[in-house]
Amino acid sequence: MQPVGPATWNWPAPSWRNESRPALGPVIGSARKRGLLCAWALSCAGLPGNAMALHLSTRASGLGPEQVGAAEALYADVTARLPPRWRDALGEVIVEWRRDMRGEVVGRSRGTRQHGRLVLDLRLLDPSASLAGQPADALARRTLVHELAHLYDRSAQGGLSRDPRLLDLAGWQRRPWRWVGRGTNAMRDRSPDLYELTRPAEFVAVNLEDFVLDPQYACRRPQLAGYFAARFGLPDPALACRSGLPLLDAGEGGRLSVMQLDPERVAGIDYLFAEGNDTPMSHWGHAMLRLVICAPGRPRGPDCRLDLAWHRVISFRAFVDDVQVSSWRGLTGRYPSRLYVLPLDRVVDDYTRTELRGLRSLPLRLDHGEITGLLLRAAQLQWSYDGRYFFLSNNCAVETWKLLHDGVPRLAALPLGGITPTGLLRRLTRTGVADASVLDDPRQARKLGYVFDAASAHYQAMFDVVRGTLAVPQHTVVQWLDLPPERRARWIGQADIKASAALLLLEEAAQRRAELQARSALKRRWLSGSRKELPPALRALFDEEGLAGRPAELAGGGYGLPQADEVTRIEAALDVRNATFGDAAEASWRRQLEALLPEAERARLHGIDANLDAIGQRLRHLHEAAGGPPLVMPADQPAKATIGPSP
Amino acid sequence: MFRRLALLACLSLPLPVLAASFAGTTAGGLSASSGSTSAAAKVVRAARDDAAAYVASDGRIRGARLEAALRSLRESGDAARRASDMELARAILAQ
């Protein structure tokens, strides 16, 4: 991970800032009259915008000359910062300054474009004052932008808070059933101001404050910045963000790091489907997305499909911080729903080796802009989303569908919503979004990574190889795997290279069975106890998993995507944790967990370890004896500008 | 009730945490001697099971991780470019 420079703000030549400002001065009669006429006529939508460009004026209310001057300077400053479309949509706006605002409110707006009226707190005009922890002049600017945003939003040209696309981006997500409408906004983490979540109109006003006033807004909320810019007819300011998208990557051995993903390195996105199995919890499979990321130095293209070590998987999961999953808590939304970014290698291992479930990976037909949109959305979700997991209405299939829906506007129009991973797979294929033709030739599909077989798919074939070479008395795979490890060990010395390879895979199968038994033993031990009684080793592992799904907890201040200085702080915090959880510490964790096991389980695991070791030695011995050359491990390519995950 | 439970579809078990801890040896246990942590070394290590299935099945079972490792080896070594797939798969197994 290389540190990135501070995100720079390169708003492309804001021509509208250099335009001549509208004349400021006393209320101009004609404009005022038109405004009033409009109010009488109830509808002003047909009036040409430019004739009515924003004109702020103070309603005479006993302000001293200094205050009048400060107000005029504020109007000029804010008016010049607004995008022209916004300015042009508003007409005469009268500002009333008052001393008797209630509570924490410092501004209010009334009316619509031609007869807008703002009421602002007079203290905002006192340059030496400090309100709500902010200098008065900064707060005055924010407040005025906020209230003008409300006026714009209510105008015919505005209407942002009623735009379904804005609601998608803001986090009032669609439910999988159209007629149920939208859920509440769960973008609670790293919000600039939680007030934005109260309702869409406030979301628009709060975000337009930062869009206009905070140079970092485009890099912190790139998707929204792009939306606002498009609505105002401006170039997308987020294009100027130099660094990649920060994502917390749960790498090997539980090692966490912030990767800066450059969308230019993502060649495609697949729907990654883990097949169901016989257990009720996994019957309908699991829905994920696979990011086909190119290795450093490889041009973006189909060749990147085999850069498996760089691919990452986006997986929504309920975070269960206990040894026992409770169906009731799952049905009633007591578990958080979290977005995890995991290495593909780890996901393939977890499903094909540990859970014995096959994976299918279907490319989605997305253009590069759509891929970028999806990645922006994923990053926003990882740092800000704090949703709840509901088995029936907000599970992994629904979350994955919402990510597709909110990240790629074209997909929002397609009938993809559903509540099962198999259903989503079917709809993606039927609508032509997913390309299922890659599965037509099973051998090619396996070779190119469109299919990853469950390890169990080959157990029988491997056992047949063993029986073909060695005179083992067992007749079935299960009989073989159920033997005590030392009874399998005696055959290792007689195996040829083919049989040794088969023995290796079977021994790994035996290891998996032993691990499952160890897990059940541990689970039984704490099933009835509360989480507090878990040994520290287990509790720490759960906490670690929790953190991987909610990186906002690490980030400290700031809103939206963390910027360079925040990423530096996060990495420092991760270094400390990785010393406890990283590769180096893994053996120690394993010993601690093993110590909790019954003696018989522990002995079995150790026996299998010894067998795996012996098979490895046997394979090396046979390879050398056959005159096979040792493998020369290629060195890394010279480091280029690598923005992306490490392998 | 079973049908409703069936929708637990994608509830992540907390136990994969445990599994991952126990499973530290599935891929790397035998190749701990390899001190190299280069990207290619990781690609090759991840291909071990695929290489085993390939060797044991006389080349009939050919997974993507093996494919990735073969490409990675050949991209950076003349010796590997001259070797057959089976020779490389055996060499990966002997790591």
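Procedures and definitions
Residues numbered from 1 in each chain as written. Chains lettered and ligands numbered in written order. Predicted model: local features only at pLDDT ≥ 70, side-chain atom pairs only at ≥ 80, totals over all residues. Helix = DSSP H or I, 4+ residues; strand = E, 2+ residues; numbered from the N terminus. Buried ≥ 20, exposed ≤ 12 C-beta atoms within 10 Å, placed from the backbone. Contact = placed C-beta atoms within 7 Å. Axes fitted to C-alpha atoms, helices over the stretch in contact; angles between N-to-C directions. Parallel < 35°, antiparallel > 145°, perpendicular 65-115°, else oblique. Left-handed = near helix turned anticlockwise from the far one by under 90°. Nonpolar A, V, L, I, M, F, W, Y, C, P; charged D, E, K, R; others polar. Arc of directions from axis to C-beta. Core = buried A, V, L, I, M, F, W, Y, C linked by C-beta atoms within 7 Å. Pairing = 2+ DSSP bridges. Domains from an automatic or database assignment. pLDDT = per-residue confidence, 0-100.

A.B. asks: I'd like a rundown of the overall build of chain B, residues and numbers included.
C.D. replies: Along the backbone of chain B there are eight helices and zero strands. Looking at the 95 residues of chain B, the share that counts as buried comes to 61%. When contacts within chain B are restricted to residue pairs at least 6 apart in sequence, long-range pairs at least 24 apart make up 46% of them.

A.B. asks: Could you give an account of the overall build of chain A, with specific residues and numbers?
C.D. replies: On a plain count of helices and strands, chain A comes out with 25 helices and 15 strands. Taking all 647 residues of chain A together, 47% fall into the buried category.

A.B. asks: Outline the packing of helix H12 (residues 368-384) of chain A against helix H13 (residues 396-407) of chain A, listing residues and values.
C.D. replies: Residue and element names in this part refer to chain A. Interaxial distance between H12 and H13 falls to 8 Å at its minimum, and their mutual angle equals 125°. Viewed along their axes, H12 and H13 adopt a mutual orientation that is oblique. Crossing of H12 over H13 shows right-handed handedness. Residues Gly373, Leu374, Arg377, Ala378 and Leu381 of H12 pack against Leu403, Asp406 and Gly407 of H13. Of the residues belonging to the contact of H12 with H13, the class tally is four nonpolar, two polar and two charged.

A.B. asks: An account of helix H17 (residues 459-469) of chain A is needed here, citing residue identities and associated values.
C.D. replies: Residue and element names in this part refer to chain A. Of all the positions in H17, only Tyr459, Met462, Phe463, Val465 and Val466 are classed as buried. The buried residues of H17 occupy an angular sector of 155° when projected down its axis, which confines them to one face. In H17, the exposed positions that point more than 90 degrees away from the buried face belong to Gln460 and Gly468.

A.B. asks: Hey, could you go over the environment of Val43(B) for me, with residue numbers and the actual values?
C.D. replies: Of note, Val43(B) is situated in helix H4 (residues 39-46). Taking C-alpha positions, Val43(B) is 7.6 Å from Arg65(B), a pair spaced 22 residues apart along the chain.

A.B. asks: Residues and numbers for the nonpolar core, please.
C.D. replies: Ranked by size, the top nonpolar core spans 186 residues in total, and within it Ala502(A), Leu506(A) and Ile92(B) carry the most contacts. Looking at this core, the element that brings in the most residues is helix H20 (residues 497-526) of chain A, giving 13 residues. What Leu506(A) contacts, discounting residues up to four positions off in sequence, is Tyr459(A), Met462(A), Phe463(A), Val466(A), Trp480(A) and Leu481(A).

A.B. asks: Account for the pairing of strand E9 (residues 266-274) of chain A, with residues named and values stated.
C.D. replies: Side-chain positions along a regular strand alternate between the two faces of the sheet. Residues and elements named next belong to chain A. Taken across its nine residues, E9 has nine buried, putting it largely inside the fold. In the sheet, E9 pairs with strand E10 (residues 286-293) via eight bridges, with the strands oriented antiparallel. Directly across from Gly268, in E10, lies its bridge partner Val292.

A.B. asks: Summarise the domain arrangement of chain A; cite the residues concerned and give the values.
C.D. replies: It is common to give the size of an interface as the accessible area lost on bringing the parts into contact. All names here are of chain A. We note that the domain assignment places domain 1 (21-240), domain 2 (245-453) and domain 3 (456-625) within chain A. Across the contact, 16 residues belong to domain 1 and 19 residues belong to domain 2. Sorting the residues of the side of domain 1 that touches domain 2 by element identifies helix H6 (164-170) and helix H9 (222-231) as the ones contributing at least two each. Broken down by class, the residue content of the side of domain 1 that touches domain 2 amounts to six nonpolar, three polar and seven charged.

A.B. asks: Can you tell me about the confidence of the model for chain A, naming the residues and giving the values?
C.D. replies: Residues and elements named next belong to chain A. When pLDDT is averaged along chain A, the result is 83; 83% of the residues meet or exceed 70. Of all the helices and strands in chain A, helix H2 (residues 29-41) carries the lowest mean pLDDT, 28, while strand E13 (residues 359-363) carries the highest, 98. Counted against residues more than four places away or in other chains, residues 1-50, with its pLDDT under 50, gives 67 contacts. Low confidence marks residues 638-642, where pLDDT is under 50. Its contacts with residues over four positions away, or in another chain, come to three contacts.

A.B. asks: Outline unusual backbone geometry, listing residues and values.
C.D. replies: Residue and element names in this part refer to chain A. The backbone of Arg190 sits at a positive phi, close to 50°, despite the residue not being glycine. Within the chain, Leu356 stands out as a residue other than glycine whose phi angle is a positive 55°. In this structure, Leu356 sits in the loop between helix H11 (344-354) and E13. Residue classification places Leu356 among the partly exposed residues on the basis of 17 C-beta atoms within 10 Å.

A.B. asks: I'd like a description of the packing of helix H3 (residues 65-81) of chain A against helix H5 (residues 136-154) of chain A, backed by residues and values.
C.D. replies: Residue and element names in this part refer to chain A. Direction vectors running N to C along H3 and H5 enclose 60°, while the axes themselves pass 10 Å from each other. The angle between H3 and H5 falls in the class oblique. As H3 packs across H5, the resulting crossing turns out to be right-handed. Here H3 contributes Leu74, Asp77 and Val78 to the contact with H5, which in turn contributes Ala140, Arg141, Leu144 and Val145. The residue inventory of the contact of H3 with H5, partitioned by class, reads five nonpolar, no polar and two charged.

A.B. asks: So, the confidence of the model for chain B: which residues are in play, and what are the values?
C.D. replies: Detailed reading of the predicted coordinates is not advisable wherever pLDDT is low. Residue and element names in this part refer to chain B. Residue-level pLDDT values for chain B average 69, and 61% of them are 70 or greater. Between the elements of chain B, mean pLDDT differs from a low of 26, seen in helix H1 (residues 2-6), to a high of 97, seen in helix H5 (residues 48-56). pLDDT under 50 marks residues 1-36. Its contacts with residues more than four places away, or in other chains, come to 91 contacts. Across the predicted assembly, pTM comes out at 0.85 and ipTM at 0.82.

A.B. asks: Got a sec to walk through the environment of Arg290(A)? Specific residues and values, please.
C.D. replies: If you trace the backbone, Arg290(A) turns up in strand E10. For the pair Arg290(A) and Ala564(A), spaced 274 residues apart in the sequence, the C-alpha separation amounts to 26 Å.

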